[in-house]
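# Close look at the chain arrangement
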Amino acid sequence: MFYELYLVYQFIIKFFKEVFLPPYEGKEIMRQCYQVGYRSLALISLTGFITGIVFTKQSRPSLAEFGATSWLPSLVGIALLRTLAPLLTALISAGKVGSSIGAELGSMKVTEQIDAMEVSATNPFKFLVVSRVLATTITIPILTFYTALVGLLGSFVNVAMFEETSFSGFISSSLESITFLDIIASTIKAILFGFTIGMVGCYQGFNSSKGTEGVGKAANSSVVIGMFLVFIEEVLATQITFLFRT
Amino acid sequence: MQKNNRIEHPEEREKVITIRDLNKSFGDYHVLKGVNLDLYDRENLVVLGKSGTGKSVLIKIISGLLKQDSGTVEVLGKEISLLNERDLQELRIHIGFSFQNSALYDSMTVRENLEFPLVRNRKKLTKKEKDYAVESVLDAVSLGQTINQMPSELSGGQRKRIGIARTLILQPKIMLYDEPTAGLDPITCLEINGLINEVQERYHTSSIIITHDLTCAKQTGDRITMLLDGQFNKVGTFEEVFNTDDERVKSFYEYNFIE
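Attention in this report is confined to the structure presented alongside it. (Residues numbered from 1 in each chain as written. Chains lettered and ligands numbered in written order. Predicted model: local features only at pLDDT ≥ 70, side-chain atom pairs only at ≥ 80, totals over all residues. Heavy atoms only, no water.)

Moving on to the packing of aromatic side chains. All names here are of chain A. Counting across every chain of the model gives 15 aromatic pairs over all chains. Aromatic side chains Phe11 and Tyr203 sit 5.2 Å apart centroid to centroid with 85° between the ring planes, which places their arrangement in the edge-to-face category. Taken together, the residues Phe11 in helix H1 (residues 2-20) and Tyr203 in helix H7 (residues 180-206) connect sequence positions 192 residues apart. The exposure class of Phe11 is buried, given its relative accessible area of 8%. (Phe/Tyr/Trp six-rings, centres within 6.5 Å; stacked < 30°, edge-to-face > 60°. Helix = DSSP H or I, 4+ residues; strand = E, 2+ residues; numbered from the N terminus. Buried < 20%, exposed > 50% of the residue type's maximum accessible area, 1.4 Å probe, protein only.)

See below:
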């Protein structure tokens with residue numbers, strides 16, 4: 001257990017050493033960013049939209065009791081930006097992207113492709129790990145704001161079914177209650193989630209044991225550990241944000 | 001069928017690899033027990049042995065993929081275990097490693113596989129020069145038509161050839177072949193053996209060929225040795241190695257069904 005933690009620590013330190021040293025794999029980072037975004041986009045769009053509809057529908061009766069349905073856009077906006085969008089995006093990415101990274105690197109390890117890179121005088125850690133971790137760290141925050149936007153769209157659809165409202169009016173009402181701290185906290189949280197998902201997937205794949213069983217295990221562990229860490233980070237981030245808010 | 005143009009007395013040439021008292025264990029299993037070996041300039045040295053005797057471990061130590069427990073491995077005058085990451089990468093440009101399962105990057109086309117080491121180690125090359133290098137190695141392995149194919153579309157023999165081509169693109173001085181004929185049909189084995197000899201002649205490489213295939217050993221080896229119980233028994237020609245009373249060597253010979 002402690003030895004494993006030490007290996008994880010070494011893996012993270014190696015990432016921070018390699019990320020600043022040339023050569024820079026810009027083309028591969030861009031390719032991975034596209035892959036991460038492309039792989040998750042459809043599912044994130046659907047989930048974000050449905051979450052917006054369902055959350056609005058579920059919140060409306062409680063607010064209606066106090067005659068406060070006009071607060072609905074603000075409530076949805078805050079809920080989406082502070083927690084729902086970062087968490088949903090991270091969980092979907094852990095499932096789609098984390099497992100894919102774990103399986104891909106695990107398979108490369110098993111079939112000696114990582115060794116082949118190493119003996120052809122290429123740094124496999126830089127090419128495979130640094131590029132993927134940077135890609136998830138860059139792309140997941142972007143996807144998070146996209147999820148929030150799609151969620152607001154879903155919420156607007158639900159609101160528009162019951163009352164007359166314009167889209168621009170709905171959006172401006174939603175954004176009214178959102179503070180600069182909310183945006184900064186969500187961005188930092190999404191960056192952290194992205195880094196965690198990429199790092200877990202790469203660590204599991206890069207260190208997978210030999211054999212096809214190892215590939216499956218790497219993919220599975222990437223999802224399970226990735227999601228677990230995302231939840232832990234969410235709790236910690238919420239506590240820290242509350243300290244700043246009070 | 002013996003190797004044509006077999007090099008006589010390679011010992012008179014310059015040493016490119018020198019291994020002394022090499023030991024390597026995995027847990028309680030002592031794989032290499034004080035191994036000594038020399039590879040001379042432009043010779044093909046075949047290392048024979050049963051599966052699990054540490055043949056692949058030996059070349060993985062030579063290429064720096066594994067670290068020895070003790071002993072020295074000098075490659076082109078540099079002690080592998082003393083090199084830092086950057087110096088090891090520079091040395092690896094001169095070492096070609098052909099993997100048992102080819103280890104082609106399966107998400108890349110044949111062209112991208114071949115260009116991969118080139119774009120990272122020969123950054124000043126123009127596109128035209130890169131194209132020429134790719135076409136040249138594909139020509140050397142007679143697989144020019146596969147340039148835009150994915151590795152999954154290639155046969156086992158073609159994959160081996162492309163794997164060898166990928167190592168040749170950096171024009172290494174030393175080639176390490178890990179079981180080059182494993183899992184191939186007899187005809188393709190003969191083709192791969194011919195290719196190994198062609199590589200030696202065309203690129204002037206010194207090679208270590210790890211195999212348990214006696215036909216491969218006979219057709220490609222200038223010198224042959226056998227890894228038995230973690231040590232080399234004798235280094236010499238095919239006849240010198242197998243003209244012995246050692247039961248372990250005789251049984252290895254008999255089970256290979258060679259004429």
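Once you've had a look at it, read on.
Turning next to the interface of chain A and chain B. With 15 residues of chain A at the contact, the number on the chain B side is 23 residues. When the two sides are added together, the surface that chain A and chain B hide from each other amounts to roughly 1700 Å², 51% of it contributed by carbon and sulfur. A per-residue breakdown of the area chain A buries against chain B is headed by Glu112, Val119 and Ala121 of chain A, which together make up 34% of the total. Between Glu118 of chain A and Arg92 of chain B there is a salt bridge, with its nearest N and O atoms 3.8 Å apart. Summed over the shared surface of chain A and chain B, the number is 7 residue pairs in polar contact (both at pLDDT 80 or more). The dominant element in the side of chain A that touches chain B, judged by the number of residues it contributes, is helix H4 (residues 113-119) of chain A, at 6 residues. Its residues placed into classes, the side of chain A that touches chain B shows 6 nonpolar, 5 polar and 4 charged. (Contact = heavy atoms within 4.5 Å. Buried area = accessible area lost by both parts, 1.4 Å probe. Salt bridge = Lys/Arg side-chain N within 4 Å of Asp/Glu carboxyl O. Polar contact = N/O pair within 3.5 Å; in protein donor to acceptor, adjacent residues only side chain to side chain. Nonpolar A, V, L, I, M, F, W, Y, C, P; charged D, E, K, R; others polar.)

Let us now look at the pairing of strand E2 (residues 29-40) of chain B. Direction of pairing for strand E1 (residues 15-26) of chain B relative to E2 of chain B: antiparallel, over a ladder of 9 bridges. Its bridge partner lying in E2 of chain B, Lys24 of chain B is registered against Leu32 of chain B. (Pairing = 2+ DSSP bridges.)

All names here are of chain B. On the basis of which strands lie adjacent, the open sheet formed by 4 strands has the order E2-E1-E4-E5 and antiparallel pairing. Because the sheet does not close on itself, it has two edges, and the strands there are E2 and strand E5 (78-79). Packing of helix H1 (residues 55-62) onto the sheet brings it into contact with E1, E2 and strand E4 (70-75), and relative to E1 it is tilted by some 120°. (Axes fitted to C-alpha atoms, helices over the stretch in contact; angles between N-to-C directions.)

Before going further, it helps to examine helix H6 (residues 167-176) of chain A. Residues and elements named next belong to chain A. Those residues of H6 that fall on the buried side of the exposure criterion are Phe170, Ile171 and Ser174. An end-on view of H6 places all buried positions within 95° of arc, on one side of the element. Turned more than 90 degrees away from the buried face of H6 sit Ser168 and Glu176, all of them exposed. At its buried positions, H6 is contacted by helix H3 (72-110) and helix H5 (124-162). (Arc of directions from axis to C-beta.)

This part covers the environment of Ala160 of chain A. Residues and elements named next belong to chain A. Here Ala160 lies in helix H5. By relative accessible area, Ala160 is classed as partly exposed at 37%. For the pair Ala160 and Lys217, spaced 57 residues apart in sequence, the C-alpha to C-alpha distance is 46 Å.

All right, on to the environment of Thr212 of chain A then. Residues and elements named next belong to chain A. Looking at where Thr212 falls in the secondary structure, it is placed in helix H8 (residues 212-245). By relative accessible area, which is 71% here, Thr212 ends up exposed. Taking the C-alpha atoms as reference points, Thr212 and Tyr146, separated by 66 residues in sequence, lie 36 Å from one another.

With that settled, the discussion passes to the sheet that holds strand E3 (residues 44-48) of chain B. Paired through their backbone hydrogen bonds, the strands of a sheet run either parallel or antiparallel. Residues and elements named next belong to chain B. Reading across from one edge, E6-E7-E8-E3-E9-E10 is the order of the 6 strands in this open sheet, with mixed pairing throughout. The open sheet terminates on both sides in strands that have one partner only, identified here as strand E6 (95-98) and strand E10 (231-232). Alignment of E3 against strand E8 (residues 206-211), held across 5 bridges, turns out to be parallel. By the bridge assignment, Leu45 is partnered in E8 with Ile208.

Quick look at the nonpolar core now. Residues Ile17, Ile19, Leu32, Leu58, Ile62, Val75 and Ile208 of chain B are the most contacted members of the largest nonpolar core, which totals 62 residues. Counting residues per element, this core draws most heavily on H5 of chain A, which supplies 7 residues. Other than its neighbours up to four places away in sequence, Leu32 of chain B contacts Leu22, Asn23, Lys24, Thr53, Gly54, Val57, Leu58, Ile61, Leu227 and Gly230 of chain B. Judged by nonpolar contacts, the second largest core, of 42 residues, contains Leu114, Leu154, Met175 and Val241 of chain B. (Core = buried A, V, L, I, M, F, W, Y, C linked by side-chain atoms within 4.5 Å.)

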